[in-house]
Amino acid sequence: MSDAARHIRLRDIHLRYGTTPILDGVSLDIASGEFIVVVGASGSGKTSLLRLAAGFLKADRGTVAIDDAPITAPGAERAVVFQDDALFPWLTVRDNVAFPLKLRGDRARKAKADAQLQAVGLEGFGDRRLWELSGGQRQRVGLARALITQPAFLLMDEPFAALDALTRAQMQVALLEVWSRHRQGVLFITHDIDEALLLATRVVVLAGRPAKVAQTIDTGFARRVLEGEKVRTVRHDPAFQSLREQILDSLFEPAANTP
Amino acid sequence: MNSRHLTRIVSAATIAAVLLLWWTVTASERIDPLFLPSPAAVLAKFVEAARDGYADATLWQHLAASLGRVFAALAAAIVLGVPVGMAIGASPVGRGIFDPLVEALRPIPPLAYLPLVVIWLGIGETSKVVVIGIAMFAPIVLATASGVAHVAANRLDAARAFGASGWQLLIHIRLPAALPDILTGVRIALGAGWTTLVAAELVAATRGLGFMIQSAAQFLVTDVVIMGIVVIAAVAFLFEAGVRALERWLVPWRGKF
């Protein structure tokens, strides 16, 4: 893999479930180093977008490609983190993290898993079982498992939605720290506007039924958090508040969707 | 007092009440011991059969013969049933091949195919194990198939996202995820196995709890019949407890996820 920037490109995607149109001409680019957050109401098709990029779904029309090669199946360069962690309870924490390497027959996988656990703040948790962990710790395990193959892209489907507010805030900062070290391309799905503004380099707002891209906003709040500014201060910034209002408007005003 | 303790106390009291009723009825001497011997007589028979034997073998030899058959049948049913169940649960082709066969076999009572098995395999030990094994096969197949088919979709997606092949999904995800169901299948299979044991030992057996009961029944030795039944019940109960312990050890995540 070269160090050159890599891209996932979704172009003019149309998708239906049965007879219900879900996505109507959605285009989206994710490059290395970008943190793209897609916000939208429940059922807006944002998870479908992620499943298309992951290769779990095929579009009815439009193209999904990574570095100009069409995406037809899941691939190791695109790691997925799921909302309900999707971990394997029959394995220890260490073996869960090492699982992607086990599939490849990597003999150094246990040591690599321990290193990755340390990177997400779970040093010494390798021998624990999943039910001994909190929800936030389980999401860290899911993140470590996704990172262990050093993927070029992280696809995260509402990973913190099931967590309590305090844990979610901690996980958001932890994720930013992990991302700042490796600068993967991230596609992050959420319905939480504050979360979107806080994490993203670019926020993409999906609205309407079927969904279209209602707005694209480049933001820099994540950088300020990484530079040590308090999350609370960033959130109270008038610029943050006004973008928040702007996104809310485009989510709920049908006029914003008409071409 | 928690509900588990309460259940145990009530269970113990129920068994004590049944024993008391049994003792009262027999002590009143209104029932001929030929039909219902007293608990003391049955206990005496137990001691006698354990020490001196009944029908040319001690109780332990009868028990060992039966346990050997049930265990051999269980091993065969697991070795054959789990792969067949995995094929049904994970592959449309496998389902097409095996599902009708298993569904056709499942409702047939063991006594119906016993003569056929004897014609094919003779009156030796093999036919007994096969008859018990057939009875145990379907529950294990069906439980495995259900477990393998109903793995959480996001776990399969996660494994696929990391590049798991079809076989890797089967071995690393579907099989371990189905383990709780497979153990439930084993519990049901053991029940079916004990039920079939007596029928299997109808033909040309010289040892076994089922043989002992039938042999005693022919001579109207009712206390041995009841003693044999109680021993089978006790052994089956211990097996159930054993499988539950195995469950706690093998699938400690059961009920937690």
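All values derive from a computational prediction rather than experimental measurement.

1. Focus: the pairing of strand β6 (residues 78-81) of chain A
All names here are of chain A. Here β6 shows two buried faces, one formed by Arg-78 and Val-80 and the other by Ala-79 and Val-81. When β6 meets strand β7 (residues 153-157), the two strands line up parallel, connected through four bridges. Each residue of the ladder has a partner; that of Val-80, found in β7, is Leu-155.

2. Thoughts on the nonpolar core
Judged by nonpolar contacts, the single largest core of 101 residues is most densely connected at Leu-10, Leu-23 and Leu-187 of chain A. For this core, the element with the highest residue contribution is helix α2 (residues 93-103) of chain A, accounting for six residues. In this view, Leu-23 of chain A contacts Ile-13, His-14, Leu-15, Ser-44, Gly-45, Ser-48, Leu-49, Leu-52, Leu-206, Pro-210 and Ala-211 of chain A; residues no more than four positions away in its chain are not counted. In this structure, Trp-22, Leu-74, Ala-77 and Trp-194 of chain B belong to the second largest nonpolar core, which totals 46 residues.

3. Some words on the side chain of Arg-69 of chain B
Residues and elements named next belong to chain B. Here Arg-69 is to be found in helix α3 (residues 59-90). Accessibility expressed as a relative area gives 4% for Arg-69, which makes it buried. Engagement of the side chain of Arg-69 in a polar contact is seen with the side chain of Glu-125, the distance being 2.4 Å. If near-sequence neighbours (up to four positions away) are discounted, Arg-69 is found in contact with Glu-125, Lys-128, Val-129, Ile-132, Leu-197, Glu-201, Ala-205, Arg-207 and Gly-208.

4. Brief notes about helix α9 (residues 238-252) of chain A
Residue and element names in this part refer to chain A. Along its 15 residues, α9 runs 21 Å from first to last C-alpha, staying within 8% of the 21 Å computed at 1.5 Å per residue. Of all the positions in α9, only Phe-240, Leu-243, Ile-247, Ser-250 and Leu-251 are classed as buried. Seen along its axis, α9 keeps its buried residues to an arc of 105 degrees; they face one direction. Opposite the buried face of α9, by more than 90 degrees, sit the exposed residues Pro-238 and Phe-252. In the core, the buried residues of α9 are packed alongside β3 (35-39), α6 (193-199), β9 (202-207), β10 (212-218), α7 (221-226) and α8 (231-236). The N-cap of α9, judged by a side-chain oxygen 2.8 Å from the amide nitrogen of Ala-239 a few residues on, is Asp-237.

5. Topic: the environment of Asp-12 of chain A
Residues and elements named next belong to chain A. By the element assignment, Asp-12 lies in strand β1 (residues 7-17). Spatially, the C-alpha atom of Asp-12 lies 30 Å from that of Leu-175, the residues being 163 residues apart in sequence. Among residues more than four places away in sequence, those in contact with Asp-12 are Gly-25, Val-26, Ser-27, Arg-61 and Gly-62. There is a polar contact of 3.4 Å between the side chain of Asp-12 and the side chain of His-14.

6. Section: a nonpolar patch on the surface
Residue and element names in this part refer to chain B. On the surface, Ile-31, Leu-34, Phe-35 and Leu-220 cluster together to form a nonpolar patch covering roughly 400 Å² of accessible area. One can find Ile-31 in the loop between α1 (3-27) and α2 (39-51). Look at Ile-31 and you get partly exposed, because its relative accessible area is 32%.

7. Some remarks on the pattern of salt bridges
On inspection of all chains with the given rule, the structure shows 29 salt bridges over all chains. A salt bridge links Arg-51 of chain A to Asp-157 of chain B, with the nearest nitrogen and oxygen atoms 3.0 Å apart. Here Asp-157 of chain B lies in helix α7 (residues 153-161) and Arg-51 of chain A lies in helix α1 (residues 46-54), a pairing that spans two chains. What makes Asp-157 of chain B buried here is its relative accessible area of 8%. Notably, a salt bridge pairs Asp-52 of chain B with Arg-51 of chain B, separated by 3.5 Å at the nearest N-O pair. In this pair, the class of Asp-52 of chain B matches that of Arg-51 of chain B, namely exposed.

8. Some points on the confidence of the model for chain B
Residue and element names in this part refer to chain B. Model confidence for chain B is summarised by a mean pLDDT of 92, while 100% of its residues fall at 70 or above. Of all the helices and strands in chain B, helix α5 (residues 110-121) carries the lowest mean pLDDT, 90, while α3 carries the highest, 96. Confidence estimates for the predicted assembly give a pTM of 0.84 and an ipTM of 0.83.

9. Let's talk about the sheet that holds β9 of chain A
Residue and element names in this part refer to chain A. Judged by pairing direction, the sheet is mixed, and its six strands sit side by side in the order β6-β7-β8-β3-β9-β10 without closing on themselves. Here the strands that pair on one side only, and so sit at the sheet edges, are β6 and β10. If you compare each strand with its neighbour and ignore which way they point, the axes differ by 15 degrees on average. The strands touched by helix α5 (residues 165-182) are β3, β7 and β8 (185-190); relative to β3, the strand with the most contacts, the crossing angle is about 145 degrees.

10. Some details on the domain arrangement of chain B
Residues and elements named next belong to chain B. In terms of domain boundaries, chain B breaks down into domain 1 (1-31) and domain 2 (34-250). Using C-alpha coordinates to define each centre, domain 1 is positioned 29 Å away from domain 2. Counting residues at the interface gives six residues for domain 1, matched by seven residues for domain 2. When domain 1 packs against domain 2, the two sides together hide about 510 Å² of surface, and 83% of this comes from carbon and sulfur. A per-residue breakdown of the area domain 1 buries against domain 2 is headed by Trp-22, Thr-26 and Ile-31, which together make up 85% of the total. There are zero salt bridges connecting domain 1 and domain 2. Remark: the boundary between domain 1 and domain 2 carries one residue pair in polar contact (both at pLDDT 80 or more). Of the residues assigned to the side of domain 1 that touches domain 2, the class counts are five nonpolar, one polar and no charged.

11. What to know about the pairing of β10 of chain A
All names here are of chain A. Where β9 and β10 come together, six bridges link them in antiparallel fashion. In the sheet register, Val-205 faces β10, and the bridge partner there is Gln-215. Taking the residues that link successive antiparallel strands as the turn, the β9-β10 hairpin has four residues, and the phi of Gly-208 there is positive, at about 90 degrees.

Rules of the game
- Every chain begins its residue count from 1, and numbering advances along the sequence as written.
- By the order in which they are written, chains take letters starting at A while ligands take numbers starting at 1.
- Local features in this predicted model are restricted to residues whose pLDDT is 70 or higher, and side-chain atom pairs enter the listing and the counts only when it is 80 or higher, whereas totals over whole chains, interfaces and linings include all residues.
- Note that water and hydrogens are dropped before the side-chain values are worked out from all heavy atoms of the structure.
- Here's how the labels work: a residue is buried when its accessible area is under 20% of the maximum for its type, exposed when over 50%, partly exposed in between, all with a 1.4 Å probe on protein chains only.
- Put simply, DSSP H or I for four residues or longer makes a helix, DSSP E for two residues or longer makes a strand, and each gets a number counted from the N terminus.
- Pairs of strands are assigned from DSSP output, requiring at least two bridges between the strands.
- To form a nonpolar core, buried Ala, Val, Leu, Ile, Met, Phe, Trp, Tyr and Cys residues must be joined to one another through side-chain atoms within 4.5 Å.
- Contacts were defined at the residue level, with two residues in contact if any of their heavy atoms lie within 4.5 Å.
- Identification of polar contacts relies on pairs of N or O atoms within 3.5 Å, with a donor-acceptor requirement for protein atoms, meaning one able to donate a hydrogen and the other able to accept it, and with residues adjacent in sequence counted only if both atoms are side-chain atoms.
- How far a helix is expected to stretch is found by multiplying one less than its residue total by 1.5 Å.
- Regarding the arc, it is the one traced by the directions from the helix axis to the C-beta atoms.
- A patch consists of residues exposed above 30% relative accessible area that lack any salt bridge, with like charges linked at up to 9 Å and nonpolar side chains (Val, Leu, Ile, Met, Phe, Trp, Tyr) linked at up to 5 Å.
- Only the protein chains shown count as cover for residues, and the accessible areas themselves come from Shrake-Rupley with a 1.4 Å probe.
- Here, a salt bridge means any side-chain nitrogen of Lys or Arg that lies within 4 Å of a carboxyl oxygen of Asp or Glu.
- pLDDT gives the predictor's per-residue confidence on a scale running from 0 to 100.
- Angular values range over 0 to 180 degrees, each being the angle between N-to-C directions of two axes fitted as lines to C-alpha atoms, with helices fitted over their stretch in contact.
- Domain delimitation follows an automatic or database domain assignment.
- When two parts are brought into contact, each loses some accessible area as probed by a 1.4 Å sphere; the total of that loss over both is the buried area.
- By the convention adopted, Pro, Cys, Tyr, Trp, Phe, Met, Ile, Leu, Val and Ala count as nonpolar, Lys, Arg, Asp and Glu as charged, and the other residues, Gly among them, as polar.

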